[in-house]
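Now for the letters of each chain:
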Amino acid sequence: MMALQNRCRRKSRVRVMPGWQVEVLDAKTRKQICFLDKVEPYSTIADIKSLVHKSYPQWYPARQALKLDPKAKALRDEEVLQSLPVGTTATMYFRDLGPQLGWTMVFLAEYMGPLFTYLMFYFRLPFIYPHRYAFTSSPLTVTTLACACHTGHYMKRLVETIFVHRFSHGTMPLRTIVRNCVYYWGFSAWLAYYINHPLYTPPYYGDLQINSACALFVEPRSGTSPLRPETPSLGCSSSFHVQTTPTRWALGLVSPS
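Report follows, based on the coordinates. Fair warning: this is a prediction, and the values are worked out from it, not measured in the lab. The residue numbers shown here count from 1 along each chain, following its written sequence. Selection of residues for local features in this predicted model requires a pLDDT of at least 70, selection of side-chain atom pairs for listing and counting requires 80 or more, and totals for whole chains, interfaces and linings are taken over all residues. By convention in this description, side-chain values take in all heavy atoms of the structure and omit both hydrogens and water.

### A few points about the overall build of the protein chain
Let me state the cut-off plainly: The secondary structure listing takes helices from DSSP runs of H or I that are at least 4 residues long and strands from runs of E that are at least 2 residues long, numbered from the N terminus. With a 1.4 Å probe rolled over the protein chains alone, any residue whose accessible area is under 20% of its type maximum counts as buried; one over 50% counts as exposed, and the rest are partly exposed. Contacts between residues were defined by any pair of non-hydrogen atoms, one from each residue, lying within 4.5 Å. Exposure was quantified through the Shrake-Rupley algorithm and a 1.4 Å probe, taking into account, for residues, occlusion by the shown protein chains and nothing else.
The secondary structure content of the protein chain amounts to six helices and eight strands. Shown N-terminal to C-terminal, the secondary structure of the protein chain runs as helices and strands in the order α-β-β-α-β-β-β-α-α-β-α-α-β-β. Within the protein chain, the fraction of its 257 residues that count as buried is 30%. Relative to all contacts within the protein chain whose residues are 6 or more apart in sequence, the contacts with residues 24 or more apart total 66%. Accessible surface computed for the protein chain: about 17300 Å², of which carbon and sulfur atoms make up 62%.

So, in structure tokens, the structure goes:
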């Protein structure tokens, strides 16, 4: 009986910590965006972003940046509210990062562009070269070889993006993706224009130069492909995984640190 009374007294002394309050202000105008009441002290920044998202559906969590000071760095999603240098009433500053895309879509956009752009020049679509060369192809072997190498390179990257690489839930701003795509697509178009031009001539040193360049292109990719088909024990009949053990001699020269 006495033990039961002691446990009851200890429970009565336990104070339930009330919820914290978080005021979210616009980082530029300092106007209040929302006021979050009864926020759990162990809530993460990701939880707070989700609460803001409920009030403003257009601002999904990946689009938000929360700061303790307008000029400070954005808080990480895994940071906990009670570990921050704030009281029970916290003030955070909100910044809209703009439209975002996931990493898989980022790499697909960057790699699919050069693949199709190069083929447009290889098959000489009517609006690229003079009309009499429309839908023709160069009779030179080196031009076909260059197309095969370029196409194979980006096909390999696309396959790795879809089947091999595991990306985090991070995102990239849409404006940055546009800039990256301009670089990838533009460089591919510049390269393809001259290689597939009707006036293009073979390299000066002939087969020696072509074969040497082809070997330098193929050799680094021949033994480092992370694709290795296997039969998994669960579900599908085949899959791919990243080969983590280096097998080529050149990789042994790289320090693990």
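### Considering the side chain of T151
What counts is decided by this rule: In the analysis that follows, any N or O atom pair within 3.5 Å is treated as a polar contact, provided that within protein one partner can donate a hydrogen and the other can accept it, and provided that, for residues neighboring in sequence, both atoms belong to side chains.
Its place among the elements puts T151 in helix α4 (residues 141–164). A distance of 2.8 Å separates the side chain of T151 from the backbone oxygen of C147, its partner in a polar contact. With residues up to four places along the chain from it excluded, the contact list for T151 reads L115 and L119.

### A short note on the environment of Y193
Take Y193: it is sitting in helix α5 (residues 174–195). The class of Y193 is partly exposed, set by a relative accessible area of 30%. Y193 sits 64 residues away from Y129 along the chain, and the two C-alpha atoms are 8.9 Å apart. Here Y193 is in contact with F121, I128 and Y129, once residues within four sequence places are set aside.

### Here's the deal with the pairing of strand β1 (residues 20–26)
Inclusion rule: By the convention used here, strands pair only if DSSP detects at least 2 bridges between them.
As defined by bridge partners, β1 adjoins strand β2 (residues 32–39) across five bridges and the pair is classed as antiparallel. Pairing of W20 across the sheet is with V39, part of β2. Here β1 folds back onto β2 in antiparallel fashion, the turn holding five residues, of which R30 has a positive phi close to 65°. In this structure, β1 lies alongside strand β4 (residues 89–96), joined through six bridges in parallel fashion. Residue Q21 lies in a different strand from β4, and its bridge partner there is T89.

### Structural notes on the environment of L101
Following the sequence through the fold, L101 ends up in strand β5 (residues 100–102). Given a relative accessible area of 29%, L101 falls into the partly exposed group. Filtering out sequence-adjacent residues up to four positions away, L101 remains in contact with V106, T171, M172, L174 and I177.

### Some thoughts on the environment of F116
Position of F116 among the secondary structure elements: in helix α3 (residues 103–122). In the structure, F116 is positioned 35 residues away from T151 in sequence and 8.7 Å away in space, judged by C-alpha atoms.

### Details of the pairing of β4
Looking down a regular strand, the side chains alternate between one sheet face and the other. Inspection of the sheet shows strand β3 (residues 64–67) paired to β4 by four bridges, in the antiparallel sense. In the sheet register, A65 faces β4, and the bridge partner there is R95.

### Some words on a nonpolar patch on the surface
To keep it simple, the criterion reads: In this analysis, a patch consists of residues with relative accessible area above 30% that form no salt bridge, clustered at 9 Å for like charges and at 5 Å for the nonpolar side chains Val, Leu, Ile, Met, Phe, Trp and Tyr. Put simply, a salt bridge is a Lys or Arg side-chain nitrogen that is within 4 Å of an Asp or Glu carboxyl oxygen.
A surface patch of nonpolar side chains, about 600 Å² in accessible area, is lined by Y183, F187, W190, Y193 and Y194. When you line up the elements, W190 lands in helix α5. The class for W190 is exposed, based on a relative accessible area of 51%.

### Focus: the packing of α3 against α4
Put simply, the rule is: Only the stretch in contact is used when fitting a helix axis, every axis being a line fitted to C-alpha atoms; angles between N-to-C directions are given from 0 to 180 degrees. Small angles under 35 degrees read as roughly parallel and large ones over 145 as roughly antiparallel, with 65 to 115 read as roughly perpendicular and the rest as oblique. Definitions for this section: a left-handed crossing has its near helix turned counterclockwise from the far helix by less than a right angle. A right-handed crossing has that turn clockwise. Throughout, the ten residues Ala, Val, Leu, Ile, Met, Phe, Trp, Tyr, Cys and Pro are labelled nonpolar, Asp, Glu, Lys and Arg are labelled charged, and all others, Gly among them, are labelled polar.
Direction vectors running N to C along α3 and α4 enclose 165°, while the axes themselves pass 10 Å from each other. Here α3 is positioned roughly antiparallel relative to α4, judged by the angle of their axes. For the pair α3 and α4, the sense of crossing is left-handed. Facing α3, whose interface residues are T104, F107, L108, Y111, M112, P114, L115, Y118, L119 and Y122, α4 presents T143, T144, A146, C147, H150, T151, Y154, M155, R157, L158, T161 and I162. The residue inventory of the contact of α3 with α4, partitioned by class, reads 15 nonpolar, six polar and one charged.

### Side note on the packing of aromatic side chains
Stated precisely, the cut-off is as follows: Here a Phe, Tyr or Trp ring, Trp counted by its six-membered ring, pairs with any other such ring whose centre lies within 6.5 Å, and the pair is stacked when the planes are under 30 degrees apart, edge-to-face when over 60, and tilted otherwise.
Scanning all chains against the criterion turns up 16 aromatic pairs. Plain terms: the ring middles of Y183 and F187 are 6.4 Å apart, the flat faces sit at 20° to each other, and that makes the pair stacked. Of this pair, Y183 and F187 are both found in helix α5, four residues apart, which corresponds to roughly one turn of the helix. Residue F187 is classed as partly exposed on the basis of its relative accessible area of 45%.

### A short note on the layout of surface pockets
Formally: The method works on a 1 Å grid over the protein atoms by themselves. A cavity is a set of points holding a 1.4 Å probe that cannot get out, a pocket is an open set with protein on both sides within 12 Å along at least five of seven lines, and residues with an atom within 4 Å of a point line them. Grid points are joined across faces, edges and corners, and a volume is the space filled by probe spheres set on the points.
What the largest pocket holds in volume is close to 460 Å³. Looking at the largest pocket, it is lined by 22 residues, and the ones nearest its centre are A146, C149, I195, A213 and F217. Broken down by element, the residue count for the lining of the largest pocket peaks at eight residues, all from α4. Looking at the lining of the largest pocket, its residues break down into 16 nonpolar, five polar and one charged. There is about 190 Å³ of room inside the second largest pocket. K49, P61, A62, Q64 and D77 are, among the 12 residues lining the second largest pocket, the residues nearest its centre. Contributions of two or more residues to the lining of the second largest pocket are made by α2 (45–55) and β3. Looking at the lining of the second largest pocket residue by residue, the classes come out as six nonpolar, four polar and two charged.

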